[in-house]
Amino acid sequence: MEIRIRLNGKNVEDHIEANLLLIDFLRRHGCRSVKRGCETSNCGLCTVLMDGSPVLSCSVLAARADGHQVQTLEGLQEEAEQFVGFIADQGADQCGFCNPGFVMNTIALLRENPDPTDDEIRAYLAGNLCRCSGYDGQLRGIRNYLDSRRGSNDSIA
């Protein structure tokens, strides 16, 4: 079957088997940030944005993405660079394996809600599994980023 996806701002056409998972399609097309973790839709490592909403690419057939826009971390580097340093400063990126999923969900959260509460951040990141650092470091990093952004907005006003 032929599919057409707008992947990280570029049109991609490919012939696929009907049972090909989106994660495998993305990795085939050079998106190495999309990782295989549990393959049961429980860890969040394979999170991508489809039409701006986070989806688990290990549970979506590539054929379902036909005609849609898909973004991976490779296509969102500039947006991610704004806050990933704040997460690293909290020691929340020890092995780095879970980071792409956290970053993708954080981008989706901040697009939807630019000033979330701590509970809203926790709820949005709940589907991401981190075995190294827990979740407080990620929360502190995102909170520090939001506070720094708020501080720079205050100085402009």
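Quick caveat: nothing in here was measured; it's all calculated off a predicted structure.

Undergrad: An account of the pattern of salt bridges is needed here, citing residue identities and associated values.
TA: On inspection of all chains with the given rule, the structure shows 8 salt bridges. Arg28 serves as the salt-bridge partner of Asp14, at 3.3 Å between the closest nitrogen and oxygen. In this pair, Asp14 is assigned in strand E2 (residues 10-15) and Arg28 in helix H1 (residues 22-28), connecting sequence segments 14 residues apart. The class of Arg28 is partly exposed, set by a relative accessible area of 47%.

Undergrad: Please give an account of the side chain of Asn105 that cites residues and values.
TA: Here Asn105 shows up in helix H4 (residues 99-112). If we skip the residues at most four places from it in the chain, Asn105 touches Thr47, Pro54, Tyr124, Leu125 and Asn128.

Undergrad: An account of the packing of H4 against helix H5 (residues 118-125) is needed here, citing residue identities and associated values.
TA: The contact between H4 and H5 brings their axes to 9 Å, and the two run at 135°. For the element pair H4 / H5, the angle class is oblique. Judged by the sense of rotation from one axis to the other, the crossing of H4 with H5 is right-handed. Only Glu120, Ile121, Tyr124 and Leu125 of H5 make contact with H4, whose side of the interface consists of Phe102, Asn105, Thr106, Ala108, Leu109 and Glu112. Taken together, the residues that form the contact of H4 with H5 break down as 6 nonpolar, 2 polar and 2 charged.

Scoring rules and cut-offs
Residues numbered from 1 in each chain as written. Predicted model: local features only at pLDDT ≥ 70, side-chain atom pairs only at ≥ 80, totals over all residues. Heavy atoms only, no water. Salt bridge = Lys/Arg side-chain N within 4 Å of Asp/Glu carboxyl O. Helix = DSSP H or I, 4+ residues; strand = E, 2+ residues; numbered from the N terminus. Buried < 20%, exposed > 50% of the residue type's maximum accessible area, 1.4 Å probe, protein only. Contact = heavy atoms within 4.5 Å. Axes fitted to C-alpha atoms, helices over the stretch in contact; angles between N-to-C directions. Parallel < 35°, antiparallel > 145°, perpendicular 65-115°, else oblique. Left-handed = near helix turned anticlockwise from the far one by under 90°. Nonpolar A, V, L, I, M, F, W, Y, C, P; charged D, E, K, R; others polar.

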